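Spelled out from the first residue to the last, the chains are:
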Amino acid sequence: MKLAVAYATDVGRVREGNEDNLLVDEHLGVFAVADGMGGHRGGEVASSTAVEALRAAIAAGQTIDAAITTANTAVIERASGDPTLTGMGTTLTALHPLAGTRLLIGHVGDSRAYRLRDGELERLTEDHSLVEELVRDGRITREQAEVHPQRNIVTRALGVDADVEIDLLTIAVQTGDRLLICSDGLTSMVREREVARLLGTGDNMQEIAEHLVQKAVDNGGEDNVTVVVIHVLEADPAHDDAALVTDAQNDPSAPEVDGRTAVQPIVATPLASAPSADLAAPPSRNEPIEPTVVSDSELPRRRRRWWRVFGKATLAILPILLVLGAGAVALHWVTYRDYYVGTAHGSVAVFKGDPDGIVSWWNPKLQWVVTGLPVSRLAEASRAQVQAHGGMCHTESRRAVEACVARLQRLPAAP
Ligand code: MN
């Protein structure tokens, strides 16, 4: 396949920096546009990290979808090493020509790939954006989507989740086709009819790239705008990989859309789609992501895990603890409510407790006070009483037990 490739990018009229990035490597045969997002320098770093990692991965022999997964990992790792980059992300739309007439497209986000053939512009990629979902669900029209206030919110991006879902497409080209990869800074400023006209006008691809970008800037330039334009100079079916073509044609699950074989989206790893939607808020380019967004959202996750393990268990046993605690207090009060007089180390002593015991095998008692009165000095009858099981003067009243002891001390001593 012979190609003529050109590119252009512009910061636009509103943004302070250009967070778009692009990759044109004709030797490796990989072309890409990345549109970064994130506060501080985040967007710029995310998009450049992604395209550099993509190029290195393709150079190392990885397939396009594996290379995009590698790029995703690179963006996540780059962000984790620098707190000011936390929360950054990027779109990535990459095009990888095969021998013959086939092209692979790997795609995440709301940058786009188009093919122009015989004046007809066909969008090859599906935006991973909120408004695209609303259009698909029939809740807004395509026209409403173009001016929707949340049209910048992407639902998929690199750098957000380790399990990124990548759309992988195989398309067929023929000699004379023109391809365009662009950031949303072009398509949000220039209508597709105008894009088609400019892409098809003239043969100087560099001029075409610059005209497209200039048109977006002239129309307001509200966003960074980046285009890679490719003219298919020669696409020879004789060089097609027979296995690839046959597979694509025979595979009933691969719907043929106007000559484009829409391959099922490749899920980079199992369980890719479920967690990413919930855990990470889709980055918005209207509201630059604060560097703390992701770490803030991880904090409640950690708290939730703590709560799952300890909090719920504590809550479950709390009533039991309360009942046990109240029971212990009540038992203590009942057990040591009474006073009685007995003996300790040969002297008369006052005990708190129930001499009959709470139950037959448990007879708790607290020695409350030891008087200076030796048991040996008590009269025979009194001595027998204080030494008997149950002691004497068993009473709830402290005053009564004190009177009892005083009476013993006044009684005549043993002879
Ligand atoms: Mn953009």
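Keep in mind that what you see is a predicted model, and the values were worked out from it rather than measured.

Peer 1: Describe a nonpolar patch on the surface, listing the residues and the values that go with them.
Peer 2: A cluster of nonpolar side chains, Leu315, Ile317, Leu318, Ile320, Leu321, Leu322 and Leu324, forms an exposed patch at the surface whose accessible area comes to about 690 Å². As for its placement among the helices and strands, Leu318 is situated in helix H10 (residues 293-335). Taking the relative accessible area as the measure of exposure, Leu318 reaches 39% and is therefore partly exposed.

Peer 1: Any details on the state of the cysteines? Residues and values, ideally.
Peer 2: Within the structure shown, the criterion is met by one disulfide. The disulfide partner of Cys393 is Cys404, and the gap between their sulfur atoms is 1.7 Å. Taking the torsion about the sulfur-sulfur bond, which here is approximately 65°, the covalent link between Cys393 and Cys404 counts as right-handed. Residue Cys393 is located in strand E18 (residues 392-395), and its partner Cys404 is located in helix H12 (residues 398-410); the two are separated by eleven residues in the primary sequence. Residue classification places Cys393 among the partly exposed positions, given a relative accessible area of 23%. By relative accessible area, Cys404 is classed as buried at 2%.

Peer 1: An account of the packing of helix H1 (residues 42-59) against helix H2 (residues 64-80) is needed here, citing residue identities and associated values.
Peer 2: For the pair H1 and H2, interaxial distance at closest approach is 8 Å and the crossing angle is 140°. On the basis of their axis angle, the class for H1 and H2 is oblique. Crossing of H1 against H2: the hand is right-handed. Residues Val45, Ala46, Thr49, Ala50, Ala53, Leu54, Ala57 and Ile58 of H1 lie in contact with H2, whose contacting residues are Ile64, Ala67, Ile68, Thr70, Ala71, Ala74, Val75 and Arg78. The residue inventory of the contact of H1 with H2, partitioned by class, reads 13 nonpolar, two polar and one charged.

Peer 1: Quick rundown of the pairing of strand E8 (residues 120-123)? Include the residues and the values.
Peer 2: Here strand E7 (residues 112-117) pairs with E8 via four bridges, running antiparallel. In the strand pairing of E8, Arg115 is matched with Glu122. Here E7 folds back onto E8, and the loop between the two strands holds two residues, one of which, Asp118, carries a positive phi near 50°.

Peer 1: Provide a residue-level description of the sheet that holds E18, including the pertinent values.
Peer 2: For sheets, the rule is that strands pair by backbone hydrogen bonds, running either parallel or antiparallel. In space, the four strands of this open sheet follow the order E17-E16-E15-E18, with antiparallel pairing throughout. Each having just a single partner strand, strand E17 (365-374) and E18 make up the two edges of the open sheet. In this sheet, neighbouring strand axes are inclined to one another by 35° on average, regardless of whether the strands run parallel or antiparallel. As paired strands, strand E16 (residues 347-353) and E17 are joined by six bridges and run antiparallel to one another. Paired with Val350 across the two strands is Val369, which belongs to E17. Lying on the sheet, helix H11 (residues 380-387) is in contact with strand E15 (339-344) and E18; it crosses E15 at an angle near 105°.

Peer 1: Explain the pattern of salt bridges residue by residue, including any values.
Peer 2: In the structure shown here, the tally under the stated rule is 22 salt bridges. With its nearest N and O atoms 2.9 Å apart, the salt bridge here joins Arg178 to Asp203. Of this pair, Arg178 sits in strand E10 (residues 178-182) while Asp203 sits in the loop between helix H6 (192-200) and helix H7 (205-218); the two residues are 25 residues apart in sequence, bridging distant segments of the chain. A residue is classified by how much of its surface remains accessible, and Arg178, at 6% relative accessible area, is buried.

Here is what the cut-offs are and how they apply
- Residues numbered from 1 in each chain as written.
- Predicted model: local features only at pLDDT ≥ 70, side-chain atom pairs only at ≥ 80, totals over all residues.
- Heavy atoms only, no water.
- Patch = residues over 30% accessible without salt bridge, like charges linked within 9 Å, V, L, I, M, F, W, Y side chains within 5 Å.
- Areas by Shrake-Rupley, 256 points an atom, 1.4 Å probe, with all protein chains shown as cover.
- Salt bridge = Lys/Arg side-chain N within 4 Å of Asp/Glu carboxyl O.
- Helix = DSSP H or I, 4+ residues; strand = E, 2+ residues; numbered from the N terminus.
- Buried < 20%, exposed > 50% of the residue type's maximum accessible area, 1.4 Å probe, protein only.
- Disulfide = S-S within 2.5 Å.
- Axes fitted to C-alpha atoms, helices over the stretch in contact; angles between N-to-C directions.
- Parallel < 35°, antiparallel > 145°, perpendicular 65-115°, else oblique.
- Left-handed = near helix turned anticlockwise from the far one by under 90°.
- Contact = heavy atoms within 4.5 Å.
- Nonpolar A, V, L, I, M, F, W, Y, C, P; charged D, E, K, R; others polar.
- Pairing = 2+ DSSP bridges.

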